[in-house]
Amino acid sequence: MSKIGKKPIEIKSGITTTVAGNMVKIGGPKGQFEYQIPDGLEVIVEDGKVSVRPKKKNDKTIKALFGLTRANLANMIRGVEKEFEKKLELSGVGYKAQIQGVDLVLSLGFSHPVRFKPKLGIKFSVVDNAIIITGIDKVLVGEVAAEIRAVKPPEPYKGKGIKYAGEYIRKKAGKAAKAAGAK
């Protein structure tokens, strides 16, 4: 059995969790979620804690979904309490990001600006050439950050492009450096 799946999730004050059949509804100050529990698992709310339990101990599909379901519920509870955020950094001469209305507009050296419309529940902000993506759904925040990074991923020679904050880009030696070492 999953070690993560066995841990109960604490519910902080201001967050409501209700179980109706195989649906869990989680609400909080930032928003609300609905999650469908896979067949073979049950969710129990008691004493300010949420627990996930398997109905059958030896079923392989239940073992696979046990920890996943608990982790998804924990992320939803954390998301309605405090939003998730991803930070992207722009590096390159002339690369800039700005907010127009609710849209994110990127100037990345293309012949046209790249425009991103936020998905439902996602907010963009720009601070010192860094893009901050926030939202209550951890998966959606990561997905939007990956889509933005994919427009101009960092290249290995100069490191220009969009990278995650704190991401290390391994730099390669160019042709000139290899030619100088060969003599």
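### Brief notes about the overall build of the protein chain
Each helix and strand in the protein chain was counted, giving 4 helices and 13 strands. Taken against the 2.2 N^0.38 rule, which gives 16 Å for 183 residues, the C-alpha radius of gyration of the protein chain at 22 Å runs more than 25% over that of a compact globule. Its C-alpha atoms give the protein chain principal-axis dimensions of about 70 × 45 × 25 Å. Evaluated residue by residue, the protein chain yields a buried proportion of 34% over its 183 residues. Look at the contacts in the protein chain between residues 6 or more apart in sequence, and 50% of them connect residues 24 or more apart.

### Section: the sheet that holds strand β4 (residues 32–36)
A sheet is described by the order of its strands in space; here 3 strands give the open sequence β2-β3-β4, paired in antiparallel fashion. Only two strands of the sheet have a single partner each, and these edge strands are β2 (16–20) and β4. Neighbour-to-neighbour, the strand axes of this sheet turn through a mean angle of 15°, independent of strand direction. Inspection of the sheet shows strand β3 (residues 23–27) paired to β4 by 5 bridges, in the antiparallel sense.

### Brief notes about the pairing of β3
Here β2 runs beside β3; their pairing, made up of 5 bridges, is antiparallel. Paired with Ala 20 across the strands is Met 23, a residue of β3. The hairpin formed by β3 and β4 contains 4 residues between the paired strands.

### Let's talk about the packing of aromatic side chains
In this structure the tally under the stated criterion is 0 aromatic pairs. The aromatic ring of Tyr 164 is capped on one face by Lys 86, whose charged end is 5.5 Å from the ring centroid.

### Description of the pattern of salt bridges
Considering all chains together, one arrives at 10 salt bridges under this definition. Among the ionic pairs, Arg 115 bridges to Asp 103, the shortest N-O distance being 3.4 Å. You can see Arg 115 sitting in strand β10 (residues 114–116) and its partner Asp 103 sitting in strand β9 (residues 103–107), a full 12 residues away along the chain. A residue is classified by how much of its surface remains accessible, and Asp 103, at 9% relative accessible area, is buried. The partner of Glu 143 in a salt bridge is Lys 119, and the shortest N-O contact between them spans 3.1 Å. In this pair, Glu 143 is assigned in helix α3 (residues 138–151) and Lys 119 in the loop between β10 and β11 (122–127), connecting sequence segments 24 residues apart.

### Looking at unusual backbone geometry
Backbone geometry at Asp 47 places phi at a positive 55°, although glycine is not the residue there. Mapped onto the fold, Asp 47 is located in the loop between β5 (41–46) and β6 (49–54). The exposure class assigned to Asp 47 is exposed, which follows from its relative accessible area of 77%. If you check the backbone angles, Asp 128 has positive phi at about 50° while not being a glycine. For Asp 128, the position within the fold is in the loop between β11 and β12 (130–135).

### Some thoughts on the side chain of Arg 70
Inspection of the secondary structure puts Arg 70 in helix α2 (residues 60–81). It is Glu 10 that comes nearest to the buried, bridge-free Arg 70 among opposite-charge side chains, at 8.8 Å. If we skip the residues at most four places from it in the chain, Arg 70 touches Ile 4, Gly 5, Lys 7, Pro 8, Ile 9 and Val 52.

Thresholds applied
Residues numbered from 1 in each chain as written. Predicted model: local features only at pLDDT ≥ 70, side-chain atom pairs only at ≥ 80, totals over all residues. Heavy atoms only, no water. Helix = DSSP H or I, 4+ residues; strand = E, 2+ residues; numbered from the N terminus. Rg over C-alpha atoms; globule rule 2.2 N^0.38 Å. Buried < 20%, exposed > 50% of the residue type's maximum accessible area, 1.4 Å probe, protein only. Contact = heavy atoms within 4.5 Å. Pairing = 2+ DSSP bridges. Axes fitted to C-alpha atoms, helices over the stretch in contact; angles between N-to-C directions. Phe/Tyr/Trp six-rings, centres within 6.5 Å; stacked < 30°, edge-to-face > 60°. Lys NZ or Arg CZ within 6 Å of the ring centre and 35° of its normal. Salt bridge = Lys/Arg side-chain N within 4 Å of Asp/Glu carboxyl O. Lys, Arg positive; Asp, Glu negative; His and termini not counted.

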